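Residue strings, one per chain:
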Amino acid sequence: MEMTKMEFNVLKSIMDLVSFFLVSTVLVIKAIIYGCLPKSYKKKKNFENEIVLITGGAGGIGRLVALKLAKLNAKIVLWDVDTSGIEDAVNQVRGIGGKAYGYKCDLTDREDVYRTANKVYEEVGQVTILINNAGIASGRLLLDTPDHLIQRTFDVNIISHFWTTKAFLPKMIDSNHGHIVTIASLAGHIGVHKLVDYCSSKFAAVGFDESLRIELEKLGVTGVKTTVVCPYFIQATGMFNDVVSRFVPTLKSTQVADEIVEAIELEKLSVIIPRYLGILCVKWILPWTVISLFMRNIVSNAGPTHAEALPHENKKMPEKGMFQTNAESELHHRAHVTEKR
Ligand SMILES: NC(=O)c1ccc[n+]([C@@H]2O[C@H](COP(=O)([O-])OP(=O)(O)OC[C@H]3O[C@@H](n4cnc5c(N)ncnc54)[C@H](O)[C@@H]3O)[C@@H](O)[C@H]2O)c1
C-alpha cells in the first residue's frame, strides 16, 4: 500500500521529533558529566598567542581582567575614554611583566571605533579575544533621565558591541579562531527600578551574545566562541559601589575578574555571578507579584550616588485612574517628559 504525501510528512515529523529528543538526551547527559568534572580535567585556553582587547579597560573590572590575563601571557590592548586611566593601567600591566597597549577610543563614536580598530591591527596585530566590557549607568527614574543619557547608555552598553564586533569578527572567522566576550549584567535578566535604560541595554547585550552565537553555529564557524557574563552588583568599581543590597552580598571585584577569566579560559557560554542567582530563572513560572516583591526589597535604591539630583524622586505622581483622568495623566506625563529633555 502506497503512502500519501501527507502521511509521509507526518511520519517524517514524528521521526524528526523522536531523533531530536534522543540527541537532546545525549547532549544533556554529556553536559551534566562535563559540569561535574573537576576544573583540572577540563580543556583550558592557552593565552600565549592571544591578543585580548578590553573596552573600558582603564579601570574597574576591565583593568583587573587585563592584569589577570597578562599574567597568563596574553597580549593586552586597552580601550577607554579615560586617557590617564589607560596610561596607569598599561603601566600596571607592564609593571608585572605583561605586554600592554593603550588606545583612547570613544565607543559612542562609530568612526572612532573603526579607525582605532585599524590602528590596533597595524600596530599590535589581529585581535583574537574581544571583551566588550565598557559600561555606564544613569541610575535615575526613567522620567528623570534626560534623553542624551538614555542614548549614551545604549551607545556604550550595546550599540558599540555591533561596531567592535564588526571590526574584529571577520578576521576571527577567516582564521576560525576567536572569542567575543560580553560583560552584561544580572540586570540583563531581571528589571531593576531606576535602571530602566541600563537594564534594557543589558537585556539587549544578553540577546546580542545568544543570537551571535547561534548565527556563528548556523554558519558552521566552529572556532569562534562567545561568552556572556552577568554579575550582580560589584563593590569598588566606578559604577555601583555605593549600592546597598539586602540578603545578597555585593561582589568583590577581584572575584568577578577571576570568574570572567575562568569563563574565557573554559570557553563557557554564559555565567551568572554568583551562580546561585541563576535561581532567578524561576521568574518565568512564578507570579510577577513574587518577583516584584523580591526585587523591590533586595535593593532599595539602585541609583548610584554619582547620578545627579533626582527632582522627580520624592514627588508621588498620582496614578492613572486613581486621581487623574486618562487625559490629565497624559498631559502630566508629557509636560514632565518635555521638561526633562
Ligand atoms: N559595577 C557593577 O556593579 C556591575 C554589575 C554588573 C555588571 N557590570 C558591568 O561590568 C562592566 C564593567 O563595569 P565596572 O564596574 O568596571 O565599571 P567602571 O565604571 O569602573 O568601568 C567602566 C569603564 O568604561 C569606560 N567607558 C565609559 N564610557 C566609555 C566610552 N564611551 N568609550 C570607552 N570607554 C568608556 C569608563 O571610562 C570606565 O573605565 C560594565 O559593562 C558594567 O555594566 C558592572
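Here the structure is shown first, and the text comes after it.
The following refers to the structure shown. Just so we're clear, the structure is a prediction, and the values are computed from it rather than from any experiment.

Another point: the site of the ligand. Residues in close proximity to the ligand total 29 residues, the closest being Gly56, Gly60, Gly135, Thr237 and Gly238. Residue contributions to the shell around the ligand peak at 3 residues, all from helix α2 (residues 60–71). Grouping the amino acids of the shell around the ligand by side-chain chemistry returns 14 nonpolar, 12 polar and 3 charged.

Moving on, we come to unusual backbone geometry. Both trends apply: most residues other than glycine have a negative phi, and most peptide bonds are in trans. Cis geometry marks the peptide bond from Ile273 to Pro274, where omega comes out at -5°. Along the polypeptide, Pro274 turns up in the loop between β7 (270–273) and α8 (288–298). Positioned with a positive phi, Asn176 is a non-glycine residue whose angle comes to about 50°. Residue position: Asn176 is located in the loop between α5 (147–175) and β5 (178–183). A count of 11 C-beta atoms within 10 Å places Asn176 in the exposed class. For Ala236, which is not a glycine, the phi torsion comes out positive at approximately 60°.

The 7 strands are arranged β3-β2-β1-β4-β5-β6-β7 in an open sheet whose pairing can be described as parallel. The sheet terminates laterally at β3 (99–104) and β7, the two strands that pair on one side only. Across the sheet, the mean angle separating the axes of adjacent strands is 15° when strand polarity is ignored. For strand β1 (residues 51–55) and strand β4 (residues 129–132), the ladder comprises 3 bridges, and the chain directions are parallel. Bridge pairing in β4 links Val52 to Ile129.

How each quantity is defined
Residues numbered from 1 in each chain as written. Predicted model: local features only at pLDDT ≥ 70, side-chain atom pairs only at ≥ 80, totals over all residues. Near = placed C-beta within 6 Å. Helix = DSSP H or I, 4+ residues; strand = E, 2+ residues; numbered from the N terminus. Nonpolar A, V, L, I, M, F, W, Y, C, P; charged D, E, K, R; others polar. Buried ≥ 20, exposed ≤ 12 C-beta atoms within 10 Å, placed from the backbone. Pairing = 2+ DSSP bridges. Axes fitted to C-alpha atoms, helices over the stretch in contact; angles between N-to-C directions.

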